[in-house]
Amino acid sequence: MRSGYVAVIGRANAGKSTLINVLVGEKVSIVSPKPQTTRDRILGVLTENDYQIVFVDTPGIYKARNALTDMMMRTTDTSAKSVDFILFVLDGHEGVKEEDFELIQKYKALGLPMAVAYTKIDIMPKENIPLDMAKFSDADLDLDVFPVSARKGKNIRPLKEFLAQKMPEGEKVFERDIVSDKSERFMISEIMREKILLKFDKEIPHGIAIVINTFQLQDNGVYDINLDIVCERANHKAILIGKQGKAIKEVSSFARQDMEKFLDAKVFLTTYVKVKEDWRDKPNLLREYGYEELKGE
Ligand SMILES: Nc1nc2c(ncn2[C@@H]2O[C@H](COP(=O)(O)OP(=O)(O)OP(=O)(O)O)[C@@H](O)[C@H]2O)c(=O)[nH]1
Ligand SMILES: [Mg+2]
């Protein structure tokens, strides 16, 4: 048996969470077209007969602007240190730039074995792939690079098998049927946040925290879920609610459908929008909303 941890690192929006979901075969981490979707370290577990890989999803590398994003960047750096392997994810469709090599060098300097997933090849001109691969050879980084498409499931199997071979000998850490280290409650709050990321623009989704007040399976088989959508400003609250509550109704209904799929049960969802000015810069509120410093090894 082989078993180990693979940290998945890269710029915000590169496609890390999408790739982990397809490698694990289940949605363990939310995805959106906006940078800084992932805020926490999330483990996604892939178990086969002869190996187990624990993928460590991390917040994408992005300029920190407040206490929350600052903490997210520390989470990424701490996560990269306590693993057996680093998978660096690059958005192929964005093209490989000099800065990417600098970033790769930074993580390579940790001294851990590493490879690159060059993703989103389904939405880029095919002729660009060999050009970027040549840049890798020229950079002389001595890294295996896997062109993949997480969305179309392209070249996922070779990447999986390669990573499995890189895991150390050892027994599995998680039971076979476990796919994530996060609770159902956490995933429910993330599903709500994902739908807000998809529906609202600019700073609004980035300034959202979700607080679950009630999460209860009732005798009739229906989950009763009551949550607060915390935003940073009164004008954000007005936009989130919309005219006659239209916006909040829509986004809640969208979230409820996904929660029902995730829980495989009916959900009765009630949502409230609250304002906490600048909560992303207030350590006590960050803690209250579940954003805590990740302890290093
Ligand atoms: N076409 C295409 N789109 C992709 C692929 N992988 C990811 N995406 C899209 O890229 C966007 C970002 O994907 P995420 O998986 O959230 O990216 P991330 O690296 O986890 O982002 P952060 O959590 O913000 O760091 C989403 O809109 C995805 O649907 C892919 O293989 N092909
Ligand atoms: Mg992510």
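Residues numbered from 1 in each chain as written. Chains lettered and ligands numbered in written order. Predicted model: local features only at pLDDT ≥ 70, side-chain atom pairs only at ≥ 80, totals over all residues.

Asker: Can you walk me through the domain arrangement of the protein in this structure?
Answerer: Frequently, the measure chosen for interface size is the accessible area that the parts lose on association. Taken domain by domain, the protein consists of domain 1 (2-166) and domain 2 (184-288). The C-alpha centroid of domain 2 is placed 28 Å from the C-alpha centroid of domain 1. Residues of the side of domain 1 that touches domain 2, tallied by class, amount to 4 nonpolar, 4 polar and 1 charged. (Domains from an automatic or database assignment. Nonpolar A, V, L, I, M, F, W, Y, C, P; charged D, E, K, R; others polar.)

Asker: Sorry, what's going on with the environment of leucine 46 here?
Answerer: Relative to the elements of secondary structure, leucine 46 occurs in strand S2 (residues 42-47). Other than its neighbours up to four places away in sequence, leucine 46 contacts Leu23, Val24, Gln52, Ile53 and Phe55. (Helix = DSSP H or I, 4+ residues; strand = E, 2+ residues; numbered from the N terminus. Contact = placed C-beta atoms within 7 Å.)

Asker: I keep staring at unusual backbone geometry and nothing clicks. Help me out?
Answerer: For asparagine 155, which is not glycine, the phi torsion reads 60 degrees and is therefore positive. In this fold, asparagine 155 is placed in the loop between strand S6 (144-147) and helix H5 (156-166). A positive phi is found at aspartate 278, a non-glycine position, where the angle reads about 50 degrees. For aspartate 278, the position within the fold is in the loop between strand S9 (267-275) and helix H9 (283-288).

Asker: Looking at this model, I keep getting lost on the environment of aspartate 40. Mind explaining?
Answerer: With respect to the element layout, aspartate 40 can be found in the loop between helix H1 (16-24) and S2. Between the C-alpha atoms of aspartate 40 and leucine 294, which are 254 residues apart in sequence, the distance is 8.8 Å.

Asker: Teacher, can you tell me more about helix H3 (residues 98-108) here?
Answerer: In an α-helix there are 3.6 residues to a turn, and that puts residues three or four apart on one side. Those residues of H3 that sit buried are Asp100, Ile104 and Tyr107. Projection of H3 onto a plane perpendicular to its axis shows the buried side chains occupying an angular sector of 60 degrees, all on one side. Across from the buried face of H3, at angles greater than 90 degrees, the exposed residues are Glu98, Glu99, Glu102 and Gln105. Where H3 is buried, its residues contact strand S1 (2-10), helix H2 (67-81), strand S4 (85-91) and strand S5 (114-119). (Buried ≥ 20, exposed ≤ 12 C-beta atoms within 10 Å, placed from the backbone. Arc of directions from axis to C-beta.)

Asker: Hey, could you run me through the site of ligand 1 in this one?
Answerer: Neighbouring residues of ligand 1: 24 residues in total, closest Gly15, Ser17, Thr38, Gly60 and Arg151. Among the elements that line the shell around ligand 1, the one with the most residues is H1, at 3 residues. Class assignment of the residues belonging to the shell around ligand 1 gives a composition of 8 nonpolar, 12 polar and 4 charged. (Near = placed C-beta within 6 Å.)

Asker: Looking at this model, I keep getting lost on the pairing of S5. Mind explaining?
Answerer: Regular strands show a simple pattern: their side chains alternate between the two faces of the sheet. Summarising burial for S5: 5 of the 6 residues are buried, a large majority. Sheet topology note: the S4/S5 ladder contains 6 bridges and is parallel. Counterpart to isoleucine 86 in the pairing with S5 is methionine 114. Taken together, S4, H3 and S5 form a β-α-β motif whose crossover is right-handed. One ladder, built from 4 bridges, connects S5 with S6; its direction is parallel. Within the sheet, the bridge partner assigned to valine 116 lies in S6 and is valine 145. Handedness of the crossover joining S5 and S6 through helix H4 (residues 128-139) is recorded here as right-handed. (Pairing = 2+ DSSP bridges. Right-handed = clockwise from strand over helix to strand, strands pointing away.)

Asker: It is not clear to me how the sheet that holds strand S8 (residues 223-231) should be interpreted in this structure. Could you clarify?
Answerer: Sheets are built from strands that pair by backbone hydrogen bonding, the pairs being arranged parallel or antiparallel. Taken together, 3 strands build an open sheet; the order of strands is S7-S8-S9 and the sheet is mixed. Taken across any chain shown, the strands that pair with only one partner, and hence form the sheet edges, are strand S7 (209-217) and S9. Looking at each pair of strands side by side, their axes are set apart by 15 degrees on average, direction ignored. Relative to S9, S8 runs parallel, the two sharing 9 bridges. (Axes fitted to C-alpha atoms, helices over the stretch in contact; angles between N-to-C directions.)

Asker: Would you mind going over the packing of helix H6 (residues 184-199) against helix H8 (residues 246-263) with me for this structure?
Answerer: Closest axis-to-axis distance for the H6/H8 pair is 9 Å, and the angle between their directions is 145 degrees. When you trace H6 past H8, the crossing you get is right-handed. Every residue of H8 that contacts H6 at Glu184, Met187, Ile188, Ile191, Met192, Lys195, Ile196 and Lys199 is listed here: Val251, Phe254, Ala255, Asp258, Met259, Phe262 and Leu263. Each residue belonging to the contact of H6 with H8 can be placed in one class, and the counts come to 11 nonpolar, no polar and 4 charged. (Left-handed = near helix turned anticlockwise from the far one by under 90°.)

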